[in-house]
Number of protein chains: 2
Amino acid sequence: MMWHVEYRPVEPDSILSYVESYSHRDWLESNEDEGVVRFAMVGLGWWTRDEAMPAVEHSTFCRTTVVVSGSAEKAANVEDEHGSIQVGLTYDEFVAGEATDAYDAVYVCTPNARHLPFVEAAVEHDKPILCEKPMEATVERGEGIVDACEDGSTTAMIAYRMHTEPVVRRARELVRAGAVGDPVHVHGDMSQGILGWGADQWRLDPALAGYGTSVMDLGIYSINTTRFVLDRDPVAVQSMMNSDHDAFSAVPDEVAAFTVAYEDDVYGTYTASQNAHQTSHLRVVGTDGMLLIEPAFHGESSLELRVSGETVDIDGKQVDQMEEEFDYFADRLLTGRDPHGTPEHGLVDLRTLAAIYESSETGRTIEL
Amino acid sequence: MMWHVEYRPVEPDSILSYVESYSHRDWLESNEDEGVVRFAMVGLGWWTRDEAMPAVEHSTFCRTTVVVSGSAEKAANVEDEHGSIQVGLTYDEFVAGEATDAYDAVYVCTPNARHLPFVEAAVEHDKPILCEKPMEATVERGEGIVDACEDGSTTAMIAYRMHTEPVVRRARELVRAGAVGDPVHVHGDMSQGILGWGADQWRLDPALAGYGTSVMDLGIYSINTTRFVLDRDPVAVQSMMNSDHDAFSAVPDEVAAFTVAYEDDVYGTYTASQNAHQTSHLRVVGTDGMLLIEPAFHGESSLELRVSGETVDIDGKQVDQMEEEFDYFADRLLTGRDPHGTPEHGLVDLRTLAAIYESSETGRTIEL
């Protein structure tokens, strides 16, 4: 794709073929004959049950055959609800290596601070791992995941569902093609109101969530998606954060504002709150145009491009982001390729998150 | 206006009357019989000639009768072009008090670092002052303006054209009415590409512009409009900035990202660049909804409100922001009331801007 080229007559075919290929799985290399990856789902909270398992059910390359929970009863109940599931295990049984013949890969979706032992167990069982983000609760434990995966011979991916969201992939292509010129600055936000969600609030418990809640759980979307769209990594951060509501008394970031300097002095300026109206967006302004992804991170995405005085809104059909993510991971396994979101990739985010919390405490810009 | 009230049948009259009064001059108290304010325009750059003078020509209460320039020839040329102008003066003649009978008030639109002497002269001549923003190049010189105006008995206003932009006034009313709940965070940006504007680049000369260019000239819009819409003032700032292009070698902020903490721990996170695609927006997210003003600051404004699962886009008719500003100032003079944008109000911005530059140099959060 070329911009600022000499004038050519309009070719309607070009916009039609663009639209037709908009949601195309450009990452796909395997085909349906190459088999199915059977998953053990570790952690049976609402995200696994209501988002991941239905996505897997609709997927091309994935199947849920094992469910793993801290509660034997919960595992048995979920097993009963789904015909494809062969075994329900407790965490201890999973770690001990039971039923390893019944699954090919592991999806880890426990609270952040419990990812490491399950990743280590999966490596021991020689099973590929799809691990939710942030990859762990602290940098030290994230390094533990990287070390465990390096010691083993299996494939691991941190579950960044925006890497396979078509809107984000199209935005990345446009930036790479120079559509907005040189990137100058980025705005991003992910906010939501978790107090209305009921009892399951491990995200407000630092022992389970890590350094905090809004930046760890939501801010990571703005940071990681900027890294992906711009092909640039963080070099420095600063932040302010505050908790006022009683429910947030154990975490520092009921609301947070933070800035990340990326390579080439591109600045990303972000907000995140677990106690606000649900919103999300990512906006990239360059020397020659801008891109707006809004909504961005809550399961639906839409793209706007402004360039050469024109605005293009693309309301593409919405994919199931978890289905895309699971099939991407399976496709990588089936074709023997590493995913984009390696543990090393995830560790860059975790170090950035830790620095954001440190900056807020010290009132200083933190270099990475 | 009330939100979250019990269900009532829809009254179409309410939306119709809202739309009809959308651009209404709710600030207006005088009427056309109460006379005209004759202005001396000090500084005849493109903003005065192409924006302020045409606005005054179309205004209800204002007339340009005197023009003042560093160049006698330029003053004479501009005088010749406009029938209403009676006198063209040099800066020295204006300061010396020539032709004070020919004008009632003064508009100061020179480079930032030259506002103070003209404000002092206007006070000496007992003429009300409309002074462009930022009010001066440094906090010390801004304090000089406050002191001069306090010593005199005249009215002074810093020229914040967003204070009379209907979209901004409606946004302020909605926030005050609780439409978005408690404000949580704000995003703002004003960026443009001044390198394409030709020779008149005093904004890149610290001796004329002050601490820098992008934050001083553009960032002030995001900060001041947030103050106005939220009725909250800054309490702390942090920032990162960088200049890479040769044309920006004398100023630190070809691009800047900065965060302002306001009262009640509402965070505003902002960007500004004089070397980027022209964009501007202000986004306020609260506990119950959000407001988006986009475009915001480049002469056109549009409002979007998202609340209760509904989105309302209002593309109101565009006013001439400078005409609104001049008539507002004249209305205040004709009715003997102080404007919202007093010099003390402007000094809060200038102290915030200075702290933003200091934060970038020291890498520290600066309390105000």
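About the thresholds
- Residues numbered from 1 in each chain as written.
- Chains lettered and ligands numbered in written order.
- Predicted model: local features only at pLDDT ≥ 70, side-chain atom pairs only at ≥ 80, totals over all residues.
- Heavy atoms only, no water.
- 1 Å grid on protein atoms, 1.4 Å probe; cavity = no way out; pocket = protein on both sides within 12 Å on 5 of 7 lines; lining within 4 Å.
- Points joined across faces, edges and corners; volume = space filled by probe spheres on them.
- Nonpolar A, V, L, I, M, F, W, Y, C, P; charged D, E, K, R; others polar.
- Helix = DSSP H or I, 4+ residues; strand = E, 2+ residues; numbered from the N terminus.
- Contact = heavy atoms within 4.5 Å.
- Polar contact = N/O pair within 3.5 Å; in protein donor to acceptor, adjacent residues only side chain to side chain.
- UniProt positions renumbered as here; feature names shortened; annotations may be inferred.
- Axes fitted to C-alpha atoms, helices over the stretch in contact; angles between N-to-C directions.
- Parallel < 35°, antiparallel > 145°, perpendicular 65-115°, else oblique.
- Salt bridge = Lys/Arg side-chain N within 4 Å of Asp/Glu carboxyl O.
- Buried < 20%, exposed > 50% of the residue type's maximum accessible area, 1.4 Å probe, protein only.
- Buried area = accessible area lost by both parts, 1.4 Å probe.
- Patch = residues over 30% accessible without salt bridge, like charges linked within 9 Å, V, L, I, M, F, W, Y side chains within 5 Å.
- Areas by Shrake-Rupley, 256 points an atom, 1.4 Å probe, with all protein chains shown as cover.
- Lys, Arg positive; Asp, Glu negative; His and termini not counted.
- Charge placed at Lys NZ, Arg CZ, Asp CG, Glu CD.

Participant: Looking at this structure, I do not really get empty space enclosed by the protein. What am I missing?
Facilitator: All names here are of chain A. Applying the stated criterion across every chain, the model contains 5 cavities of 30 Å³ or more. Considering only enclosed or pocket space, the largest cavity measures out at about 50 Å³ in volume. As for the largest cavity, its lining consists of Tyr22, Ser23, Glu165, Pro166, Val167, Ser301, Gly316, Lys317, Gln318 and Val319. In terms of residue class, the lining of the largest cavity is made up of 4 nonpolar, 4 polar and 2 charged.

Participant: Hey, could you run me through the environment of arginine 161 of chain B in this one?
Facilitator: Residues and elements named next belong to chain B. Relative to the assigned elements, arginine 161 resides in the loop between strand 6 (156–158) and helix 7 (166–176). Considering only alpha carbons, one finds arginine 161 and threonine 279, 118 residues apart in sequence, at a separation of 17 Å. Apart from residues no more than four positions distant in its own chain, arginine 161 is found in contact with Trp47, Met190, Tyr221, Phe297, Gly299, Gln321, Met322 and Glu325. In this structure the side chain of arginine 161 is engaged in a polar contact, spanning 2.8 Å, whose partner is the side chain of tyrosine 221.

Participant: How should I be thinking about the UniProt feature "domain: Gfo/Idh/MocA-like oxidoreductase N-terminal" (unreviewed entry) in chain A in this particular structure?
Facilitator: UniProt feature "domain: Gfo/Idh/MocA-like oxidoreductase N-terminal" (unreviewed entry): in the numbering of this structure it lies at residues 37–158 of chain A. Between the C-alpha atoms that bound residues 37–158 of chain A there is a distance of 17 Å. The span itself is 42% helix and 23% strand.

Participant: So what exactly am I meant to see when it comes to the packing of helix 6 (residues 139–151) of chain A against helix 11 (residues 343–362) of chain A here?
Facilitator: A pair of packed helices is characterised by two quantities: the angle between their axes and the separation of those axes. Residue and element names in this part refer to chain A. Here helix 6 crosses helix 11 at 170°, and the two axes come no closer than 9 Å. Relative to helix 11, the element helix 6 is oriented roughly antiparallel. Contacts from Val139, Gly142, Glu143, Ile145, Val146, Cys149 and Glu150 in helix 6 reach Pro343, Glu344, Leu347, Leu350, Arg351 and Ala354 in helix 11. Residue composition of the contact of helix 6 with helix 11, grouped by class: 8 nonpolar, 1 polar and 4 charged.

Participant: What should I look at first to understand the pattern of salt bridges in this one?
Facilitator: Oppositely charged side chains are able to pair whenever their charged atoms sit close together. All names here are of chain B. The tally for this structure, following the rule as stated, stands at 40 salt bridges over all chains. Glutamate 173 is the partner of arginine 170 in a salt bridge, and the nearest nitrogen-oxygen pair spans 2.9 Å. Remark: glutamate 173 and arginine 170 occur in helix 7; sequence separation between them is 3 residues, near one turn of the helix. Residue classification places arginine 170 among the buried residues on the basis of a relative accessible area of 3%.

Participant: Sorry if this is basic, but what is going on with the interface of chain B and chain A here?
Facilitator: The interface of chain B with chain A comprises 42 residues on the first partner and 42 residues on the second. Interface area for chain B against chain A, summed over the two sides, is near 3,400 Å², with a carbon-plus-sulfur share of 57%. Considering only the surface of chain B that becomes buried against chain A, Met240, Tyr267 and His277 of chain B emerge as the three largest contributors, covering 21% of it. On inspection of chain B and its partner chain A, the count reaches 4 salt bridges. When the shortest N-O distance is used, the salt bridge between arginine 306 of chain B and glutamate 294 of chain A registers 2.9 Å. Between chain B and chain A we count 32 residue pairs in polar contact (both at pLDDT 80 or more) in total. Those elements that place two or more of their residues in the side of chain B that touches chain A are strand 7 (183–193), strand 8 (234–242), strand 9 (255–262), strand 10 (266–273), strand 11 (275–286) and strand 12 (289–293) of chain B. Among the elements that line the side of chain B that touches chain A, the one with the most residues is strand 11 of chain B, at 8 residues. For the side of chain B that touches chain A, the per-class residue count stands at 14 nonpolar, 21 polar and 7 charged.

Participant: I'm lost on a negative patch on the surface in this one. Help?
Facilitator: All names here are of chain A. A surface patch of like charges, here negative, comprises Asp147, Glu150, Asp151, Asp338 and Glu344. Broken down by element, the negative patch gets its largest block of residues, 3 residues, from helix 6. Relative to the elements of secondary structure, aspartate 338 occurs in the loop between helix 10 (321–334) and helix 11. Exposure remark for aspartate 338: the relative accessible area of 56% places this residue in the exposed category.

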